[in-house]
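Spelled out, the chains give:
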Amino acid sequence: MQKKAVGGNVVIRPIDKKLLIHNVKVFNQQDLVVTDINKVRVDIKNKISPVNSYQEEQVGIKAILFIDFVNSDYTNLDCLELGNIVEFDGARYNIEAIETMYGYEPHHIEVRLV
């Protein structure tokens, strides 16, 4: 049976597996690999249209990492700390902000990268 997040009377389905096509590595500030997170989505800013907010534009958000609580493959998300580094497709980004998105329960995490 597929897990679903519930938002009030509305069922929020997990992010579709077909969209979770990326894998990332997370490094701590000492440049040591902390963990791999698989089956995620990374949207690069030039592909995000438009920038979601004035604040994101001012901070210089370059990408957003989406981690689904049901379909992403991870062992521990404690590595998601401000200032840690996410490596995706050969590029490295610093974690600027981390936000858990909810329905009735946690649904996914959005990590803003600079």
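Parameters at a glance
- Residues numbered from 1 in each chain as written.
- Predicted model: local features only at pLDDT ≥ 70, side-chain atom pairs only at ≥ 80, totals over all residues.
- Heavy atoms only, no water.
- Salt bridge = Lys/Arg side-chain N within 4 Å of Asp/Glu carboxyl O.
- Buried < 20%, exposed > 50% of the residue type's maximum accessible area, 1.4 Å probe, protein only.
- Helix = DSSP H or I, 4+ residues; strand = E, 2+ residues; numbered from the N terminus.
- Pairing = 2+ DSSP bridges.
- Phe/Tyr/Trp six-rings, centres within 6.5 Å; stacked < 30°, edge-to-face > 60°.
- Lys NZ or Arg CZ within 6 Å of the ring centre and 35° of its normal.
- Contact = heavy atoms within 4.5 Å.

## A closer look at the pattern of salt bridges
Part 1: This model, assessed by the stated rule, comprises 5 salt bridges.
Part 2: A salt bridge links Glu87 to Arg92; the nearest nitrogen and oxygen atoms lie 3.2 Å apart.
Part 3: The exposure class of Glu87 is partly exposed, given its relative accessible area of 24%.
Part 4: Members of the salt-bridge network, linked through shared partners, are Asp31, Glu87 and Arg92.

## Quick look at the pairing of strand β8 (residues 106-113)
Part 1: Of all 8 residues in β8, 7 are buried, a share of seventy percent or more.
Part 2: As paired elements, strand β5 (residues 63-68) and β8 share 6 bridges and run antiparallel to each other. Within β8, the position partnered with Phe66 by the bridge is Glu110.
Part 3: Connecting strand β7 (residues 91-102) to the antiparallel partner β8 that follows it, the hairpin turn spans 3 residues.

## Quick word on the packing of aromatic side chains
Part 1: For the structure on display, the rule yields 0 aromatic pairs.
Part 2: It is Arg92 that lies over the ring of Phe27; its NZ or CZ is 4.0 Å from the centre.

## Let's talk about the side chain of Thr35
Part 1: Position of Thr35 relative to the elements: it lies in strand β4 (residues 33-44).
Part 2: By relative accessible area, which is 11% here, Thr35 ends up buried.
Part 3: With residues near it in sequence (within four places) discarded, Thr35 still touches Val24, Lys25, Val26, Thr75, Asn76 and Cys79.

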